[in-house]
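Coordinate analysis (summary)
Each chain is listed here by its residues.
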Amino acid sequence: MKHIAAPRGTVDILPPETSEWQALEAIIDEVATRFGYREIRTPIFESTEVFVKPIGEGTDIVDKEMYTFVDRGGRSITLRPELTAPVVRAALEHNMLQHLPLKLYYRGPIFRYERPQRGRFRQAHQWGVECFGAPGPEADAEIISLGLDVMKAIGITDYRLEINSLGCEACRARFREALIGYLNRNVARLSETSQDRLARNPLRILDSKDPRDQDVMSGAPTMDAYLCAACQEHFATLRTLLEAMGIRALHNPHIVRGLDYYTRTVFEISSSALGAQNSVCGGGRYDDLVKSMGGPDVAGVGLAMGMDRMLMLARSSGLARDRDGKSLQIAFVPLDEASTRALVPVMHEVRQHGIAADMDYTRRSIDKQLRTAGESGARYAVIVGEDERRNGEATIQNLATRERTRVELGQVASELTRRLEV
RNA sequence: GUGAAUGUAGCUCAGCUGGUUAGAGCGCCGGCCUGUGAAGCCGGAGGUCGCGGGUUCGAUACCCGUCAUUCACCCCA
């Protein structure tokens, strides 16, 4: 009905809901800090090249999902579709990799040009962590446990954690060759899209949902058989460490992830409560990424979690609703214009004492004002009308017991402070 | 990019096979109650029926297009 609406795939987040976001953001900050990560904020847009090579041509993100445009200076700019590549770019730009390990976390909007549906938007929100300079599986384990801690803190218990190893560059190359050989012999039985993928990105056929592809894959060579000794040990140790922390992870050899930069460990957290887009979290190790972006040979591992989907899960398990903070403590109730103005300095003083206070400026009747005050969750109302004003007083009413007391205007702030502390 | 369903008040929805000034519940505002929160009763505001075209004497309804939403595919957070 209104003529201008928010662009397709974007939403306005309105007041009761913004409290949930603030709660989620606070949890992320707390947990990440507790694990030794510090926040980094990078630009919403980057030079297009930041994403193309690292994520990989042939991936859907690069081929059809990026918001790319030429700015007024003729530069190709892209709204970030993820944050690992920008974080690496920033780390290199500011020589942050001289002090290892480097542990960073982020949260904020990402943009992908996709058809919206349940759990998928053109502007979405992710938080994530990146750990540089830690090649061992302890770092992988730490990151997975960090992600699960945030989920736990917001009350999400219904999920599935799956892990896999893609091997290092050497073993992946051998596996890739074997896989291509097998697929070429069975190309006729593959789905059309997978036949197309065979040439461009064959590993992605592994996690295809098409039953024809799954049928073909059931007889395909598996990554496990091609892992070198070092990669095997890395993966086995990771599983041992997770188990030692009481974390249950399922080994799913078909997980490959949609970005090209992963090596060795990859993992996903998904939930059946989300609909078709059932993944809340994805991550893994990217030991060659920093080097490929022109930096030193530094290992990395990280995760990204979808905040929009996390809140969907928190709501479906019924645990996030009470996070709507009704923080008002004092409601000022003036009964006429002169009283409104007499209360301005009084309310100011109360607020200076750190007490959350608000006044109804609409000149409504006392009935309506008290009703609103009661619904707001405030503990006291401060009422001033002609009668109180004549005596330089105010009526303080306890909104729960309805008990009323008269105090001098000058005493309102100290009286309220005293009462709220008790 | 493909497919399907749906667009009527702030919200949830009626509106019979096309027929005059488009309705309800909830919410909002006001009154009953000249200064105390409930319930009830009474009243009020709020709609270019998503938008554009077509058929018709007449369209919220039928047809075409378009935009948006929802769900699914693809893929992912």
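Refer to the structure above for everything that follows.
The residue numbering used here restarts from 1 in each chain and proceeds along that chain's sequence as written. Written order decides the labels, with chains lettered from A and ligands numbered from 1. Predicted model: local features are reported for residues with pLDDT of at least 70 only, side-chain atom pairs are reported and counted for 80 or more only, and whole-chain, interface and lining totals are derived from all residues. The side-chain numbers reported here are obtained from all heavy atoms of the structure, hydrogens and water having been left aside.

**Description of the overall build of chain A**
Under the convention used in this document: Starting at the N terminus, helices and strands are each numbered in turn, a helix being any DSSP run of H or I of at least four residues and a strand any DSSP run of E of at least two. As defined in this context, the radius of gyration uses C-alpha atoms, and a globule is described by 2.2 Å times the residue total to the power 0.38. To sort residues, take the accessible area from a 1.4 Å probe on protein chains only and compare it with the maximum for the residue type: under 20% means buried, over 50% means exposed, and anything in between is partly exposed. Accessible surface area values rest on a Shrake-Rupley calculation with a 1.4 Å probe, where residue burial reflects the displayed protein chains alone. In this count, Lys and Arg are taken as positive residues and Asp and Glu as negative ones, while His and the chain termini are left out. By convention, the point assigned to a charge is CZ for Arg, NZ for Lys, CD for Glu and CG for Asp.
Across its full length, chain A carries 15 helices and 16 strands. Relative to the globule expectation of 22 Å for 422 residues, the C-alpha radius of gyration of chain A, 28 Å, shows a markedly less compact shape. Along the first, second and third principal axes, the C-alpha set of chain A runs to 95 × 50 × 45 Å. Residues counted as buried form 49% of the 422 residues belonging to chain A. Here chain A has roughly 21400 Å² of accessible surface; of this, 50% comes from carbon and sulfur atoms. Of the charged side chains in chain A, 55 are positive and 58 negative; the average position of the first set lies 3 Å away from that of the second.

**Describing the pairing of strand β12 (residues 330–334)**
Filter applied, for reference: DSSP bridges decide pairing: two strands pair if at least two such bridges lie between them. The path from the first strand over the helix to the second decides the hand: if it runs clockwise while the strands point away from the viewer, the crossover is right-handed.
Among the five residues in β12, five count as buried, and that is most of the element. Neither face of β12 is left uncovered, since the one carrying I330, F332 and P334 and the one carrying A331 and V333 both have all their residues buried. Pairing of β12 with strand β13 (residues 357–359) involves three bridges; the strand directions are parallel. Following the sheet pairing, I330 is matched in β13 by A357. Viewed along the sheet, the connection from β12 through helix α12 (residues 337–352) into β13 turns out right-handed. Of the pairings in the sheet, the one linking β12 to strand β14 (residues 380–384) comprises five bridges and is parallel in character. Paired with V333 across the bridge in β14 is I383.

**Some words on the environment of I27**
Along the chain, I27 turns up in helix α1 (residues 15–34). Separated by 321 residues in sequence, I27 and H348 place their C-alpha atoms 32 Å apart.

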